[in-house]
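Structure assessment
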Amino acid sequence: MSVQNVLSLIKEKNIEWVDFRFVGLAGKAQHISLPATEVDEETFVNGVAFDGSSIPGFRGIEQSDMVMMPDTETAYVDPFTAHPTLVIMSNIFTPDGERYDRDPRSIAQKAEEYLQSAGVGTQAFFAPESEFFIFDDVRYENGMNKSYFEVDSEEAGWNTGRKEEGGNLAYKVPVKGGYVPVAPIDSQQDIRSEMCRLLAESGLRIERHHHEVATAGQAEINFRFDSLTKTADNLLKYKYIVANTARQYGKVATFMPKPLFGDNGSGMHVHMSIFNGDEPLFYEKGAYANLSELAMNYIGGILYHAPALIAITNPSTNSFKRLVPGYEAPVNLVFSKGNRSAAVRIPIAAVTPKGCRIEFRTPDSTANPYLAFAAMLMAGLDGIKKKIDPRALGYGPFDTNIYELSDAEKGEIRSVPGTLEEALDALAADSDFLLEGGVFTQDFIDNYIELKRGEAKQVAIRIHPHEYNLYFDC
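Residues numbered from 1 in each chain as written. Predicted model: local features only at pLDDT ≥ 70, side-chain atom pairs only at ≥ 80, totals over all residues. Heavy atoms only, no water.

Under an unreviewed UniProt entry, the name given to the protein chain is Glutamine synthetase, and the organism recorded is Paenibacillus aestuarii. UniProt lists a comment for the protein chain under the heading Subcellular location (unreviewed entry), and it reads "Cytoplasm". Regarding the protein chain, the UniProt comment filed under Catalytic activity (unreviewed entry) reads as follows: "L-glutamate + NH4(+) + ATP = L-glutamine + ADP + phosphate + H(+)". (UniProt positions renumbered as here; feature names shortened; annotations may be inferred.)

Right under this line is the structure:
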């Protein structure tokens, strides 16, 4: 969409405000709104100024001035604002016109540029399956003398005996019993359908939606794959629309990986493939799962670099509450066709040559999608460059249920890091693959590690309520 098309859209839709957005290191959208009357061709040449020192991990106060440069291809009408508002994503530049090397969106674009310069293919496609919970009530507090959280959902399995509903209507979702039931057990069909309607109106191609495995309103909506940066843009739009639709229904949505103890967490399984023009490069008929050697090497790169990669794809302390054995958690660093107990799965049902892809099941939605997708692509390309064979390294294929193996057999399989600190240590030790082509910089990685270690420390020094169960009477 050209600048003129955007300006015409502003007039056609009677837009009152233009909301310029960018993404911080944490993967959360930030925004500044300008009156539509103040937006003209010069806005798209000169950009929109903002204070970078107020964004965690960006700039010091002595270098705070930064500029958002709008990407007109991302424009869509906000479905929630009372005053008609047009949303446009932006890249971040320094005042002297240089692309800012800590801007996650710019890093995603540089990863796409590196793919082409490496001569592997012309386009990498990504499709995330970002799961979430829809709760009716969320409470939490952390203080000197108290620490707790409490969430509730009218469909939760723990509410079979609740009287506060004015007559309990039963049909609760059992623990681990929420995968695709029909109504009245699935009480959230309409809210998910409304989310899908708004997503479609905002430009996403919706493929399906359904209730997920966990009790208490776990859900999944799938949208169509696209190129790396566009998919990251779409995921931010997806999370924004999911959260605000839930709020309109008097509910609250969260993409937190493990908000409940004792049931499945929410992941972000990421499907990936590489094309050269119209040719799918991951397909080879008759090979294992119809995967080409190039695809095998891509898998090799993902699994070889997985401990470091997970510091970016699973970047929260809560991520590792989900990455524990059981609860369908993909903790085993192996690959398999159709096997959901492996970190890398190759879908084989109803797959065409152009649909041939791999699925990395470990990530979750606390990841910044621009950074996570870029890091995954860089790991895969490193595998292709170095011809890393996952079979030779003992990464599979494993076509049995890994959870049912003996302890001795499981001991032969590499697992994901057990904590965020372990993952950050792995990233500090193995980051050269990210530096290829100047996609990531050492400054970015060092800054990222420092920021995330600070988050981990904040959690580590706080008293956990369960410690009272374990130690109060010592």
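1. A look at the packing of helix α6 (residues 293–304) against helix α7 (residues 306–313)
Taken N-terminus to C-terminus, the directions of α6 and α7 make an angle of 75°; their axes are 6 Å apart at the nearest point. For the element pair α6 / α7, the angle class is roughly perpendicular. Every residue of α7 that contacts α6 at Ile302, Leu303 and Tyr304 is listed here: Ala306, Pro307 and Leu309. Residues that form the contact of α6 with α7 fall into these classes: 6 nonpolar, no polar and no charged. (Axes fitted to C-alpha atoms, helices over the stretch in contact; angles between N-to-C directions. Helix = DSSP H or I, 4+ residues; strand = E, 2+ residues; numbered from the N terminus. Parallel < 35°, antiparallel > 145°, perpendicular 65-115°, else oblique. Contact = heavy atoms within 4.5 Å. Nonpolar A, V, L, I, M, F, W, Y, C, P; charged D, E, K, R; others polar.)

2. Details of the side chain of Ser316
Within the element layout of this structure, Ser316 appears in the loop between α7 and α8 (319–322). With residues near it in sequence (within four places) discarded, Ser316 still touches Pro257, Thr366 and Leu420.

3. Points about the pattern of salt bridges
Counted according to the given criterion, the structure contains 24 salt bridges. Among the ionic pairs, Arg197 bridges to Glu194, the shortest N-O distance being 2.7 Å. In this pair, Arg197 and Glu194 both sit in helix α4 (residues 189–201), 3 residues apart, roughly one turn of the helix. Here Arg224 and Glu207 are joined by a salt bridge, their closest N and O atoms 3.4 Å apart. Residue Arg224 is found in the loop between β11 (218–223) and β12 (226–227), and its partner Glu207 is found in strand β10 (residues 206–211); the two are separated by 17 residues along the sequence. For Arg224, a relative accessible area of 31% corresponds to the partly exposed category. We classify Glu207 as partly exposed; its relative accessible area is 46%. (Salt bridge = Lys/Arg side-chain N within 4 Å of Asp/Glu carboxyl O. Buried < 20%, exposed > 50% of the residue type's maximum accessible area, 1.4 Å probe, protein only.)

4. Points about the side chain of Ser130
Along the chain, the position of Ser130 falls in strand β7 (residues 123–135). In terms of polar contacts, Ser130 uses its side chain to reach the side chain of Ser365, at 2.5 Å. Those residues in contact with Ser130 that sit more than four places away from it in its chain are Leu235, Tyr238, Phe255, Gly267, Met268 and Ser365. (Polar contact = N/O pair within 3.5 Å; in protein donor to acceptor, adjacent residues only side chain to side chain.)

5. Some details on the packing of aromatic side chains
Summed over the entire model, instances satisfying the criterion amount to 18 aromatic pairs. For the pair Phe125 and Phe275, a centre-to-centre distance of 5.3 Å together with 90° between the ring planes defines the contact as edge-to-face. Of this pair, Phe125 sits in strand β7 while Phe275 sits in strand β14 (residues 268–276); the two residues are 150 residues apart in sequence, bridging distant segments of the chain. For Phe275, a relative accessible area of 8% corresponds to the buried category. With a centroid separation of 6.1 Å and an interplanar angle of 20°, the aromatic rings of Phe444 and Tyr448 are classed as stacked. Of this pair, Phe444 and Tyr448 are both found in helix α13 (residues 442–460), 4 residues apart, which corresponds to roughly one turn of the helix. Tyr448 shares its class with Phe444; the two are buried. Through successive ring pairs, a cluster of aromatic residues spans Phe22, Phe50, Phe58 and Tyr100. A cation over a ring is seen here: Lys237 above Tyr76, with NZ or CZ 4.5 Å from the ring centre. Seen from the ring of Phe255, Lys239 lies directly overhead, with NZ or CZ sitting 5.3 Å from the centre. (Phe/Tyr/Trp six-rings, centres within 6.5 Å; stacked < 30°, edge-to-face > 60°. Lys NZ or Arg CZ within 6 Å of the ring centre and 35° of its normal.)

6. Details of helix α9 (residues 369–386)
Look at α9: 25 Å from first C-alpha to last across 18 residues, which is about the 26 Å you get at 1.5 Å a residue. Counting buried residues along α9, 16 of its 18 residues qualify, which places the element largely inside the surrounding structure. Between a side-chain oxygen at the N-terminus of α9 and the backbone nitrogen of Tyr370 the separation is 3.1 Å; the capping residue is Asn368. One or two positions beyond α9, positive phi appears at Lys387, with a value near 50°. (Expected span 1.5 Å × (residues − 1).)

7. A few points about unusual backbone geometry
Glycine aside, negative phi is the norm for most residues, and most peptide bonds take the trans geometry. Cis geometry is found at the peptide bond from Ala183 to Pro184, where omega equals 10°. Secondary-structure assignment places Pro184 in the loop between β9 (147–152) and α4. Gly396 connects to Pro397 through a cis peptide bond whose omega is 10°. The phi angle at Lys176 is positive, at roughly 60°, despite the residue not being glycine. For Lys176, the location among the structural elements is in the loop between β9 and α4.

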